[in-house]
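Observations on the model geometry
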Amino acid sequence: QVQLVESGGGLVQPGGSLRLSCAASGFIFSSYAMSWYRQAPGKERELVASINSSGGITNYVDSVKGRFTISRDNAKNTVNLQMDSLKPEDTAVYYCRTNVRYIRYWGQGTQVTVSS
């Protein structure tokens, strides 16, 4: 019954910002690390950012460091990805991911398109 639902994607101009959100349910959210992945057409899915259960430790792929910020609100069972200074190469479907009892779970994905 683990469920992850992403939202917040859309079309934005280069240099613009978007804030993605992932609503989680079906597990004790505060006990698990969360991650954001993305996949562009014809390319493999890549890890973008991750955050530990308490929110004190974060990691980012080099290409988004300084531009993206991952955060979580354990009281609301949500994990967010603030995306600033967006570039066309950030265009992809973004997925929320967690690992509960050694099983990987994915959201349905939300499309982010960066174009003028």
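Residues numbered from 1 in each chain as written. Predicted model: local features only at pLDDT ≥ 70, side-chain atom pairs only at ≥ 80, totals over all residues. Heavy atoms only, no water.

The next point concerns the nonpolar core. Counting residues in each nonpolar core, the largest one holds 28 residues, and the members touching the most others are Met34, Trp36, Val79, Leu81 and Tyr94. Broken down by secondary-structure element, the contributors of at least two residues to this core are strand 3 (18–25), strand 4 (34–39), strand 5 (46–51), strand 7 (68–73), strand 8 (78–83), strand 9 (92–100) and strand 11 (110–114). Sequence-distant contacts of tyrosine 94, defined by excluding residues within four places in its chain, comprise Glu6, Leu20, Trp36, Tyr37, Arg38, Val48, Phe68, Leu81, Met83, Gly109, Thr110 and Val112. (Core = buried A, V, L, I, M, F, W, Y, C linked by side-chain atoms within 4.5 Å. Buried < 20%, exposed > 50% of the residue type's maximum accessible area, 1.4 Å probe, protein only. Helix = DSSP H or I, 4+ residues; strand = E, 2+ residues; numbered from the N terminus. Contact = heavy atoms within 4.5 Å.)

Applying the stated criterion to the full structure yields 4 salt bridges. One salt bridge connects arginine 38 with glutamate 46, and the closest N-O pair in it is separated by 2.7 Å. Under the relative-accessibility criterion, glutamate 46 is labelled partly exposed at 31%. Residue aspartate 62 is joined to lysine 65 by a salt bridge in which the shortest nitrogen-to-oxygen separation is 3.0 Å. Relative accessible area serves as the criterion here: at 61%, aspartate 62 is assigned to the exposed category. What emerges from the salt-bridge pattern is a single network uniting Arg38, Glu46, Arg67 and Asp90. (Salt bridge = Lys/Arg side-chain N within 4 Å of Asp/Glu carboxyl O.)

In spatial order, the strands read 1-3-8-7; together these 4 strands make up an open sheet with antiparallel pairing. Each edge of the open sheet carries a strand with a single partner, namely strand 1 (3–7) and strand 7. Shown here is a sheet whose adjacent strand axes are inclined to one another by a mean of 15°, direction ignored. (Pairing = 2+ DSSP bridges. Axes fitted to C-alpha atoms, helices over the stretch in contact; angles between N-to-C directions.)

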